[in-house]
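Architecture at a glance
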Amino acid sequence: MEAALSSPLALSPNHVFNASNPGDRNYGFRYSRSRSVVIMSAAGAVIGKGGGVLDRPTIETTSPSRQSEFDLRKSRKTSPPYRVLLHNDNYNKREYVVQVLMKVIPGMTLDNAVNIMQEAHYNGMAVVIVCAQVDAEDHCMQLRGNGLLSSIEPADGGC
């Protein structure tokens, strides 16, 4: 930002042009053709050490970009799949098992929850979902936290 001084200063052009280092007394002044002195920055107005106008700081954010979110999803899809298994028990009622499945597993419909519950009841075990290991461990712990018997195992052949 340049601002012209309204009163003339008694400086010669050689004196001003020779002040080229930031520590010099008149650094920041420029001599124009109309013989007026123009202040380049506030550092020239302050004689001595310190003071001055700094450039506007650039603020860099560290929020994840769309590419990194995509990479995270891609890495989860390429990680080896795991099965979340529901085991039959003689303690929980069938309706409760269906409610817990719908609460814990995202996107679980009533029909799918009933089918999984029936399969676990008749066969002793049923596959609830096939997903990444991190998600499988989370679902298993949530099912166990609600009183159901659950485990995980590596899935053969992918999702």
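Residues numbered from 1 in each chain as written. Predicted model: local features only at pLDDT ≥ 70, side-chain atom pairs only at ≥ 80, totals over all residues. Heavy atoms only, no water.

**Observations regarding the side chain of H139**
Condition: Strands are runs of DSSP state E lasting at least 2 residues, helices are runs of H or I lasting at least 4, and numbering of each runs from the N terminus. Contact between two residues is taken to exist if any of their heavy atoms lie within 4.5 Å; hydrogens are not considered.
Secondary-structure assignment places H139 in helix 5 (residues 133-145). H139 has contacts with V84, V104, I105, P106, I129 and C131, leaving out every residue within four places of it along the chain.

**Overview of the pattern of salt bridges**
Rules: Any carboxyl oxygen of Asp or Glu that lies within 4 Å of a side-chain nitrogen of Lys or Arg is treated as forming a salt bridge with it. Each residue gets one of three labels from its accessible area relative to the maximum for its type: buried under 20%, exposed over 50%, partly exposed in between, using a 1.4 Å probe on protein chains only.
The final tally for this structure, using the stated rule, is one salt bridge. Of the charged contacts, one joins R83 and E153 as a salt bridge, the two residues approaching to 2.8 Å between their closest N and O atoms. Of this pair, R83 sits in strand 4 (residues 81-87) while E153 is found in strand 6 (residues 149-154), placing the two residues 70 residues apart along the sequence. Using a relative accessible area of 30% as the deciding quantity, one classes E153 as partly exposed.

**Here we look at helix 3 (residues 94-104)**
Definition in use: Note that the arc is defined by the directions from the helix axis to the C-beta atoms.
Of the residues making up helix 3, those classed as buried are V97, V98, V100, L101 and V104. One side of helix 3 carries all its buried residues, which in axial view fall inside an arc of 165°. Residues of helix 3 that are exposed and angled more than 90 degrees away from the buried face: E95, Q99 and K103. Each element contacted by the buried residues of helix 3 is listed here: strand 4, helix 4 (110-123), strand 5 (125-132) and helix 5.

**Focus on the sheet that holds strand 5**
Cut-off, in case you're wondering: A pair of strands is treated as paired once DSSP finds two or more bridges between them. An axis is simply a line fitted to the C-alpha atoms; with a helix, the fit covers only the stretch in contact. Between two such axes, the angle follows the N-to-C directions and lies from 0 to 180 degrees.
Strand order across the open sheet formed by three strands is 5-4-6, with antiparallel pairing between neighbours. In the strand order of this sheet, the two ends are held by strand 5 and strand 6, each with one partner. Here the strands of the sheet are splayed against their neighbours by 25° on average, with no regard to which way each runs. Lying over the sheet, helix 4 contacts strand 4 and strand 5, oriented at roughly 130° with respect to strand 5.

**Digging into the environment of M108**
Among the structural elements, M108 can be located in the loop between helix 3 and helix 4. Along the chain, M108 and V98 lie 10 residues apart, while their C-alpha atoms are 9.7 Å from each other. In contact with M108, other than residues within four places in its own chain, are L101, M102, A113, I116 and V128.

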